[in-house]
Amino acid sequence: MTNQANTKAAAAPAVPGLSLKDIARSLSLPLAILAALLIFGLIEPRILSLANFRNIAVQTSYLAIFAMAQTMVILTRGFDMSLGFTVSLVSVVASMAMVSMGASDAAILYGLGAGFLVALAIGLSNGVLIANVGINPLVTTLGVANIVMALASTVSGGFPVTGVPAGFTAIFAQGSLFGIPTPIWIAAGVFLLLHLTLKATRFGRSLYIVGANPKAAVAAGIRTRPVLLTAYVLCTVLAAIGALLLTARTGSGEPNLGGNLTLESIAAAVVGGVKLSGGEGGVGAAVLGALLVTVLSNGMNLIQIDGYIQQICLGAIIIISLIVSRDELRR
């Protein structure tokens, strides 16, 4: 009996612990953010001012929402190339809806509703084509992106939609609670809700399984189509939240508001550790990635690096992150 017990004990797997490599990996992103701040701070001391830290926090809150939106679909082995143009169309339609109603609280609610309805329609279009029709996510979202871009330009006539109610800007751009700006509170609320959804709900677990191994998900009885559809709808609804916050900040509906947000949101998620191979990562990683991208962008702006050079740097960051991710998978 004793020998058998010893044999079983020897065969039992050891309790996993954090290795030095795991600790180093978990600290790499925070250390990279700190290093970037220090390097830029040596070149331009204003970067290390409290006012700039506040600015970085607000800027990160916007990008973090978009990065978390992309995370929902990246976990399923996809991504949303229409996100930036969705932001533009939501901004234009919401602003036009508010302007049509005049400067009132009802106008703000009307504009919010119109913006979310547009995002819902785009998300459903992406989701149905990908989940039900079976079209590749890249092809689908690029096609939808072209349609949405044309709609944003056509509806607005190519010009900003002005006359947004002052109350909208006051609440969602200039408002604060306990000294913390509204966008940061909203981003924190989105993070908490999504974190709980991914970690404590059946949908969250299904999202990871579908992304990690679609065949295994089907074998486990998971209905993959509704999971994929929900992921793409969630992505565009979250994009609408960010779009409305940016619209409040600019004070107008901008047909070009999305700009480089598609690339930046994917970069933030991937840099944070969300794997394009699916089934690995989370919203915490997306937020940290968004902070790093914002710090780099903020630093390059303050030391007056050309915008095109910034885009080259952003593209390089994505490529490096993918190489690192590939090497980790091989191990």
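Notes on the structure in this doc start here.

Definitions and limits used
- Residues numbered from 1 in each chain as written.
- Predicted model: local features only at pLDDT ≥ 70, side-chain atom pairs only at ≥ 80, totals over all residues.
- Heavy atoms only, no water.
- Helix = DSSP H or I, 4+ residues; strand = E, 2+ residues; numbered from the N terminus.
- Buried < 20%, exposed > 50% of the residue type's maximum accessible area, 1.4 Å probe, protein only.
- Contact = heavy atoms within 4.5 Å.
- Areas by Shrake-Rupley, 256 points an atom, 1.4 Å probe, with all protein chains shown as cover.
- Phe/Tyr/Trp six-rings, centres within 6.5 Å; stacked < 30°, edge-to-face > 60°.
- Axes fitted to C-alpha atoms, helices over the stretch in contact; angles between N-to-C directions.
- Parallel < 35°, antiparallel > 145°, perpendicular 65-115°, else oblique.
- 1 Å grid on protein atoms, 1.4 Å probe; cavity = no way out; pocket = protein on both sides within 12 Å on 5 of 7 lines; lining within 4 Å.
- Points joined across faces, edges and corners; volume = space filled by probe spheres on them.
- Polar contact = N/O pair within 3.5 Å; in protein donor to acceptor, adjacent residues only side chain to side chain.

1. Quick notes on the overall build of the protein
Per the secondary structure count, the protein includes 14 helices and two strands. Going through the 331 residues of the protein one by one, you find that 44% of them count as buried. Taking as baseline every contact in the protein between residues at least 6 positions apart, the subset at least 24 positions apart corresponds to 77%. Roughly 16,400 Å² of accessible area belongs to the protein as shown, and the carbon and sulfur atoms make up 68% of that amount.

2. A look at the packing of aromatic side chains
Enumeration according to the criterion identifies one aromatic pair in this entry. Ring centres 5.4 Å apart and planes at 55° place the aromatic pair Phe 168 and Phe 172 in the tilted group. Separated by four residues within a single helix, Phe 168 and Phe 172 lie in helix α7 (residues 166-172), roughly one turn from each other.

3. Let's talk about the packing of helix α8 (residues 182-200) against helix α11 (residues 224-250)
The relative placement of two packed helices is expressed as an angle between their axes plus a distance between the axes. Contact geometry for α8 and α11: axes closest at 11 Å, N-to-C directions at 175°. Between α8 and α11, the interaxial angle falls into the category roughly antiparallel. Each of Pro 183, Ile 186, Val 190 and Leu 194 in α8 lies in contact with α11, whose residues at this interface are Leu 238, Ile 241 and Leu 245.

4. Some details on the layout of surface pockets
Its volume calculated, the second largest pocket comes out at about 570 Å³. Taken together, 26 residues form the lining of the second largest pocket, with Gln 59, Leu 261, Glu 264, Ser 297 and Asn 301 sitting closest to its centre. Sorting the residues of the lining of the second largest pocket by element identifies α3 (50-74), α11, α12 (261-272), α13 (283-302) and α14 (307-330) as the ones contributing at least two each. Counting residues per element, the lining of the second largest pocket draws most heavily on α13, which supplies eight residues.

5. Brief notes about the environment of Leu 228
Take Leu 228: it is sitting in helix α11. Since its relative accessible area comes to 15%, Leu 228 is described here as buried. Here the alpha-carbon distance between Leu 228 and Leu 207, two residues 21 residues apart in the chain, equals 7.8 Å. For Leu 228, the residues in contact, after removing those within four places along its chain, are Thr 76, Ala 131 and Val 210.

6. As for the environment of Arg 54
Mapped onto the elements, Arg 54 comes out in helix α3. For Arg 54, a relative accessible area of 46% gives the class partly exposed. Sequence-wise, Arg 54 and Ile 180 are 126 residues apart; in three dimensions their C-alpha atoms are separated by 9.1 Å. Sequence-distant contacts of Arg 54, that is, excluding residues within four places in its chain, are made with Gly 179 and Pro 181.

7. Details of unusual backbone geometry
The phi dihedral of Arg 77 is positive, around 75°, even though this residue is not glycine. Note on placement: Arg 77 falls in the loop between α3 and α4 (83-101). Even without being a glycine, Gln 304 presents a positive backbone phi close to 60°. With respect to the secondary-structure elements, Gln 304 resides in the loop between α13 and α14.

8. Quick word on the side chain of Ser 265
If you trace the backbone, Ser 265 turns up in helix α12. Polar contacts involving the side chain of Ser 265 include one to the side chain of Gln 70, which spans 3.3 Å. With residues up to four places along the chain from it excluded, the contact list for Ser 265 reads Leu 63, Phe 66, Ala 67, Gln 70 and Leu 83.

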